[in-house]
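Close look at the chain arrangement
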Amino acid sequence: MLTLRHLSRVYPLKSGPYFALRNINLEIKEGEFVSIMGPSGSGKSTLLHILGLHDSEWEGEYQFADTDVHRLGKSARADLQKKNIGFIFQAYHLIDDLTVAENLEVPLSYRNVPRKERQAIVCDTLDRFHIVGKRDLFPSQLSGGQQQLVGVARALVAHPTLLLADEPTGNLHSDQGHEIMELFRKLNREDGVTIVQVTHSIENADYGSRIVRLADGMLVNN
Amino acid sequence: MLLDLRLIARALLRAPGFTVVVVATLALAIGTNTAIFSAINAALLRPLPFPAPDRLVAVWEKTSLFGLHYSPAAMANYADWRAQNRTFQEMGLHESGAMLLTGTGDAEEVPCGLVTASLFLALQAKPVAGRLWAEGEDLPGSAKTVVLSHGLWHRRFAQDPQLVGRTVQLGGEPYTVIGIMPPGFAIPGQTDALWIPLGALYDADALRNRHRHNFFVAGRLKPGVTLAQANADLEAIAARLQHEYPDTNADLGTFATPLAEHVTGKVRPLYLVLSAAVGLLLFTACANLANLMLARFLGRSHETALRLALGAAPRHLMRHALLEAGVLGLLGGALGLHVALWSMELLRPLVPAELAMLAPLALDWRVLGFALAATLATILLIGCAPLWQVTRAAGFAASKQSGARTSLGLRTGRFQAALVVVQLALSLTLIVGAGLLVRTFDQLRSADLGFRSERVVVARLSGNALWQHYGNSRAARSGFYREALRRIEAIPGVASAAFTNGVPLLNKGNMAQFVPERPRSSAPAGESVTVNRRSVSPGYFATLGVPLLRGRTLAPTDTEGQPPVVVVNTALARTLWPDLEDPVGQRLRNGDGPWATVVGIVGDMRQKGIDRAGAPEVYFSCDQLWEPAAQLVVRTAADPRTVVAQLRRELAAVNPGLPVVEATTLAAIVDRELAPRRLQTLLLGLFAGLALLVAALGLYGVVAYSVVQRTREFGIRAALGASRGAILAHVFSRNLRLLLPGLGLGLAIALLLTRLMAGLLYGIAPHDPLTFAAATGLLLLSALLACWLPTRRATRVDPIVALRAE
C-alpha cells in the first residue's frame, strides 16, 4: 500500500542539522496492522506525520498505492490525504467548541460531502460506535476514553483506507486502552482498514501484525 | 492595598505595550472629551460674568419685517419700553459701529459700541479706572467722551495710567477718555474695543426714530420678576405703542429672552454635535479597552485559578482588577488633561469672537471636574469586564463542573463579541456624521457664489472717516470716487476697480423695504419686500465677474441730478415681477423716496453666507445713493497682493485722511467664511478617524486573540484535511458575523443621531444615502483589513507544531 525509499527528515537547527529520520526504507501492505515502536525522540511521531502527509519537508521517495507522493504538489497531496487517510491523536484533539456530532462532521466538510449526506454519515458513525447518546455533548463533558472513541470515529468517518494512530491509548487507563485496541483489531480484521500505530506498549503492539522499531531516526528492526 | 498596587505597577511595567496602548487611548478619549467640554463650558455653562446674570435679558421687537421673526429695536421704541415698564430694574441700548482711531501710531479702525449710560447700569459693570457716564451724559449735545476696553488700553496705549481725562482722536474728533473697563468685560454678543455715548453721533431727531430697527437692547429684571412677567409687561407696552403709532408699530410686538441664550444660541447645535462625537469616541475607546482588559485577565486565568485555590476571596480579585483599571484610568486621565490643554488652542476658533471675549476657553473647576468624572466613569467601564470575569471565574472554581469551561469560554466570547459590535456601531455613527460634514463642505466649496473670487483685492476704508470727509458734499464724494478709481485703474496689473458699501460675505446687512410701482398680481397693493440695498460704482459687476443678464449695468452717467436708476438681481426681479419676462423699465422705491427705474438684471450673489442662496438685492450708483461706499474691490491680472502697496499709495495721494484700514483678497474672505465649516469637518473627521482606528484595533485584537486561543483547533482542522482556504473562510465568516450586527446597530444609531445635524448640513439630507453607503464601505474595508491580518496567521498554523504544543 505504501512504500518509503531512502526517506530522511532533517530539521535545520542553529547548532546544525538534526536528523529526525535517516534513510528509512519501509513497505506496508494493504490490510496490515503495523506498530511503530522505539524510545522517545527516535522519530516515531515524525514518521507517522510524514505517512499522514502532515509533513512535506522530507527527502526520499514515498509511494502511496500507485501514487508517487514525492512528485505531488501541495494540493494533490492534500487531496490524497483527504481521500485515504484518517488520523488519531494521543491527546484526542477534539474541537472544544463543537459537539460530538459536529466534531464528526468536520472531516466530511473538508471533503465537500453535501450537508444532508454528511448528517446521514454522522448518524451512521454515531450508531456504529455506540455514542448516539453523546451526540450533543461537548468534548469536555466526556471521559478520556469516550473522547478517544470520538477521535477514532472522527478518523474513520470519511472511510479512509489507512488509519494512523499516534499513541492512541497514551492518555487512557488500561481498560479504556484495551477497548480502543479491540476496536482497532476489529476494524483491521473485519473492515480491512490498514492501521499504523505508534506505541510504547508491547501489549498494544501485539494487537498488530508487525512491529517496526526505530532508534535515533533509523529503522533498526522491521 | 499597597501590595496590590505594587503588584499592579510591576505587572504594568512588565507589559509596556499594553500599558502604553491603554493609557494613550484613554488620554486621547478623555482629552478630546475634556477639550470639547471646555468649549461647551465656556459657551453654554459658564454664567455671564455680571452680577446676578440670570436676571439679564435681551429685548427684541417681534416682527415679520425683513423676513425675520424678530429684530433689533428702533430707538424710540426702546425709549418707550424703558420709560413705561414695571418689571425692569434697568434697560440699555447698543449699536455696533466702527471708528477710525488716529493720533497714536497708525490709523486703525476699531469696533465701537454706541451705548446709553443705562446699558452699563443694567449690566452693573464697573470700570477699572475712571468712571462711566451719568444719566444725561449720553444725550445729543453732551461732551464727546469715550470708555476704552482693557484690551485696547493695553494694546494701543501701553496701559498708560494717565490716559483717563486725556483725549483720543476718533473719526478725526477729540474724545475724552472717562473710563477703562476691566479685562474680560464685553457687552454680550459684541466685540467692541471702545464705547461712546449715543448722543455723540445721533441728534435728537434720531432718538425719535421708529423706522430704523438697528439697536440691541439689554435689560436687568427687578429681583423676583420672572421672564414671563417681563414679557407680559412688554406685550402690554407694545399694544399701547401699536395704538399710538399705527404707521410704524402696527405689526410690532415685544419680547425678552435670556441674555445668555442670545450669546450662545448660534454655537449650541455645533457644540451638541461635537460633544456627541467625543462621547461616542469615549464609549468606543472604553469598549475596546474593556475587551483588552478582559483578554489580559483571561490570559492570566491560570493565576486566577491558583489564587482562588489558595483561598483568595472573589473580592480580593475584584479589588485587584478594579485597582488595575484605576491606575490605568488615572494615568490616562492625567495625560488626557495635557491633551485637552493642547487641544484648546485648536478649538479656539470654534468659539465666536463675541463669545470668546466674555467666556475664554480655560481650565476651570468645571472642566477639571468633568475630566475627573470622565476618568472615573472610564475606570468603571474598563474595569467592569475583568470584574465580571472574576465573578464568573469564582463561580466556576466553586462548581468545577466539567463542561463549565466550554460554556464560560463561549459566554466570554459572546461578551467580547458584543463589545466589538458596540465599537463598530459607534464608530460607524461617527463616520457617517463626519461623512455628512465632508459632503457638506464639498458642496459649499463647489457652490456657485455668483461672483469670481480669484484675483480680487478688497481694501476697506473707514466708513466713519468717509462720512466725516464727504458727508455733506455729494460732489466732493463723487470726485473722490472718480479720482481714486482713475488712479487705481492706472496701476499696472489692475484690470478694473469699484467702490461698494457691501462686499459679498463681508458686509451682510443693510436691508430696506422696497415697493414696486406695479405690484405683482397676487400681492396686495403697497406690499413691500425686504431687499439688500447696495451702493456701488459702475465697474462693480465687471470687477466681481457678476453676469449681466438683461439691460445694462450702472454707468458713469448715472449721477446725481439724473433720473434714479437701479440694477436688480434675479431674486428680486423674480420676487417683484414674477409675471414679467423682462422687468427692465419697471420702477421701485424705498419708503417715500423717488422712484428708481430698473436698467439691468444681474445674477444672484451669495452675500450673506455661502450656504444662503442669493437674496433680493438692489444696486444703486454710489453717486445717486448716499451710503458710504467704503469698500474697494480691485480685479488684477496677476497675484492681487502685488498691487496692495501701490493701492494704498494712490488712495493716500487722493486723500491722506482716508487710510486703508484692512486689505485682503476676496478669495481670503471666502476662505474665512468656510473656516468654521472646515474646522468642524476636520474635528468630526478626526474623532471619526480615531473611533475607526480604535474599533479596527479592537476587532483586530479580538480576532488575533481568538486565533491564538484557537491555534490548536486550526492544527486539528489542518490535520483533518482542511485547506488554507477552508481555514481562512472559516475564521473570516466567524468574525465577519460580528460586522453585520455592528453595521446594523451603527446605521440605526446614525439614522437617529444625524437628524440633530440637520442645521449643520448644506446641500444634502441628514440621511444622505451616498454618505451612509460610503461610511459603511469604509468601515467594512477597515474591518476586513483588521480581520485579514490575524486570519492570515491562522492559515499558517503548522498542524504538527500546533498539536505538539498541547
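Residues numbered from 1 in each chain as written. Chains lettered and ligands numbered in written order. Predicted model: local features only at pLDDT ≥ 70, side-chain atom pairs only at ≥ 80, totals over all residues. Heavy atoms only, no water.

**Re the confidence of the model for chain A**
When pLDDT drops low, the exact placement of atoms in the prediction is not to be read closely. Averaged over every residue, the pLDDT of chain A is 90; the share at 70 or more is 100%. Within chain A, strand E3 (residues 33-37) of chain A carries the highest mean pLDDT (95), whereas strand E10 (residues 218-221) of chain A carries the lowest (86). (pLDDT = per-residue confidence, 0-100. Helix = DSSP H or I, 4+ residues; strand = E, 2+ residues; numbered from the N terminus.)

**With respect to the packing of aromatic side chains**
All names here are of chain B. Applying the stated criterion across every chain, the model contains 20 aromatic pairs over all chains. Ring centres of phenylalanine 120 and phenylalanine 185 lie 5.6 Å apart, and the angle between their planes is 25 degrees; this geometry places the pair in the stacked category. Separated by 65 residues along the polypeptide, phenylalanine 120 in helix H4 (residues 117-123) and phenylalanine 185 in the loop between strand E9 (173-180) and strand E10 (194-197) bring together distant segments of the chain. The class of phenylalanine 120 is buried, set by a relative accessible area of 1%. In this structure phenylalanine 185 comes out as buried when scored by relative accessible area, which is 9%. An aromatic cluster of at least three residues, connected via ring pairs, comprises Phe50, Phe120, Trp133, Phe185 and Trp195. A cation over an aromatic ring shows up here: arginine 210 above the ring of tyrosine 245, its NZ or CZ 3.5 Å from the ring centre. (Phe/Tyr/Trp six-rings, centres within 6.5 Å; stacked < 30°, edge-to-face > 60°. Buried < 20%, exposed > 50% of the residue type's maximum accessible area, 1.4 Å probe, protein only. Lys NZ or Arg CZ within 6 Å of the ring centre and 35° of its normal.)

**Brief notes about the side chain of B:Thr664**
Residues and elements named next belong to chain B. On the secondary structure map, threonine 664 appears in strand E23 (residues 660-665). Residue class for threonine 664 comes out buried when judged on its relative accessible area of 17%. Once residues lying within four places of it in the same chain are set aside, the contact partners of threonine 664 are Val456, Val457, Val458 and Ile669. (Contact = heavy atoms within 4.5 Å.)

**Overview of the interface of chain B and chain A**
On the chain A side, the residues contacting the 21 residues of chain B number 23 residues. Where chain B abuts chain A, roughly 2000 Å² becomes buried across the two surfaces, and 56% of that area is made up of carbon and sulfur atoms. The interface formed by chain B and chain A holds one salt bridge in total. The salt bridge involving B:Arg712 is made with A:Asp96; its shortest N-O contact spans 3.9 Å. (Buried area = accessible area lost by both parts, 1.4 Å probe. Salt bridge = Lys/Arg side-chain N within 4 Å of Asp/Glu carboxyl O.)

**A word on the nonpolar core**
A general trend in soluble globular proteins is that nonpolar side chains are found buried together. Residues and elements named next belong to chain B. Grouped together as the largest cluster of nonpolar side chains are 73 residues, with contacts concentrated most on Leu430, Leu684, Phe687 and Leu699. Elements supplying a minimum of two residues to this core: helix H2 (16-45), helix H10 (268-299), helix H12 (314-347), helix H15 (404-445), helix H21 (666-709), helix H22 (711-719), helix H23 (724-753) and helix H24 (769-795). The leading source of residues in this core is H21, at 14 residues. In terms of nonpolar packing, the next biggest core, distinct from the first, is built from 41 residues, Val57, Leu198, Tyr202 and Ile237 among them. (Core = buried A, V, L, I, M, F, W, Y, C linked by side-chain atoms within 4.5 Å.)

**Notes on a positive patch on the surface**
A surface patch of like charges, here positive, comprises A:Lys74, B:Arg724, B:Arg792 and B:Arg796. Residue placement: B:Arg792 occurs in helix H24. For B:Arg792, a relative accessible area of 31% puts it in the partly exposed group. (Patch = residues over 30% accessible without salt bridge, like charges linked within 9 Å, V, L, I, M, F, W, Y side chains within 5 Å. Areas by Shrake-Rupley, 256 points an atom, 1.4 Å probe, with all protein chains shown as cover. Lys, Arg positive; Asp, Glu negative; His and termini not counted. Charge placed at Lys NZ, Arg CZ, Asp CG, Glu CD.)

**Observations concerning the packing of H21(B) against H24(B)**
Residue and element names in this part refer to chain B. The contact between H21 and H24 brings their axes to 9 Å, and the two run at 25 degrees. Considered as vectors, H21 and H24 are oriented roughly parallel to each other. The handedness of the crossing between H21 and H24 comes out as right-handed. For the pair formed by H21 and H24, the contact residues are Leu692, Ala696, Leu699, Tyr700, Val703, Ala704, Val707 and Val708 on the first element and Leu778, Leu779, Ser782, Ala783, Ala786, Cys787, Leu789, Pro790, Thr791, Arg793 and Ala794 on the second. (Axes fitted to C-alpha atoms, helices over the stretch in contact; angles between N-to-C directions. Parallel < 35°, antiparallel > 145°, perpendicular 65-115°, else oblique. Left-handed = near helix turned anticlockwise from the far one by under 90°.)

**A word on the sheet that holds E10(A)**
Residue and element names in this part refer to chain A. The sheet built from six strands is open, its strands ordered E6-E7-E8-E3-E9-E10 with mixed pairing. Lying at the two open borders of the sheet, with one neighbouring strand each, are strand E6 (85-88) and E10. Strand-to-strand twist of the sheet, defined as the mean angle between neighbouring strand axes without regard to direction, takes the value 25 degrees. Sheet analysis places E6 next to strand E7 (residues 162-166), joined by four bridges and oriented parallel. Within the sheet, the bridge partner assigned to isoleucine 85 lies in E7 and is leucine 162. On top of the sheet, helix H5 (residues 144-156) reaches E6 and E7; it is set at about 170 degrees to E6, its chief contact. Across the sheet, helix H6 (residues 174-191) is in contact with E3, E6, E7 and strand E8 (194-198); its angle to E8 comes to roughly 150 degrees. (Pairing = 2+ DSSP bridges.)

**Quick word on the pairing of strand E19 (residues 587-590) of chain B**
Residue and element names in this part refer to chain B. In this structure, strand E15 (residues 511-516) lies alongside E19, joined through three bridges in antiparallel fashion. In the sheet register, phenylalanine 514 faces E19, and the bridge partner there is asparagine 590. The pairing of E19 with strand E20 (residues 596-602) spans two bridges and is classified as antiparallel. The partner of arginine 587 across the bridge, within E20, is threonine 597. In textbook terms, the turn of a hairpin is the stretch between consecutive antiparallel strands, and for E19 and E20 this stretch comprises five residues, one of which, glycine 591, has a positive phi near 55 degrees.

**Considerations on H21(B)**
Helix length check: H21(B) (44 residues) gives 62 Å between terminal C-alpha atoms against 64 Å at 1.5 Å per residue, within 8%. The sharpest bend along H21(B) comes to roughly 40 degrees, located at B:Leu674, with the proline B:Pro676 sitting one to four residues further on. (Expected span 1.5 Å × (residues − 1). Bend = angle between axes of the 7 residues up to and from the residue.)

**Some points on the pairing of E8(A)**
All names here are of chain A. For E8, a buried count of five out of five residues is recorded, marking the element as mostly surrounded by other parts of the structure. On E8, burial covers both faces: Thr194, Val196 and Val198 on one face and Ile195 and Gln197 on the other are all buried. In this structure, E3 lies alongside E8, joined through four bridges in parallel fashion. Counted as the bridge partner of isoleucine 36 is valine 198 from E8. Relative to E8, E7 runs parallel, the two sharing five bridges. Paired with alanine 165 across the strands is glutamine 197, a residue of E8. Taken together, E7, H6 and E8 form a β-α-β motif whose crossover is right-handed. (Right-handed = clockwise from strand over helix to strand, strands pointing away.)

**Points about the environment of A:Gln146**
Assignment of secondary structure puts A:Gln146 in helix H5. Along the chain, A:Gln146 and A:Ile131 lie 15 residues apart, while their C-alpha atoms are 8.4 Å from each other.

**Examining the pattern of salt bridges**
Residue and element names in this part refer to chain B. Counted under the stated rule, the structure contains 37 salt bridges over all chains. With a shortest N-O distance of 3.6 Å, arginine 445 and aspartate 442 are connected by a salt bridge. With arginine 445 and aspartate 442 both in helix H15, this residue pair falls three residues apart, about one helical turn. You can call aspartate 442 partly exposed: its relative accessible area is 38%. For the salt bridge of arginine 487 with glutamate 650, the shortest nitrogen-to-oxygen distance reads 2.8 Å. Here arginine 487, found in helix H17 (residues 474-489), pairs with glutamate 650, found in helix H20 (residues 644-654); they are 163 residues apart in sequence, far enough to count as distant. The exposure class of arginine 487 is partly exposed, given its relative accessible area of 27%. One continuous salt-bridge network, built from bridges that share partners, spans Glu109, Arg460, Glu662 and Arg672.

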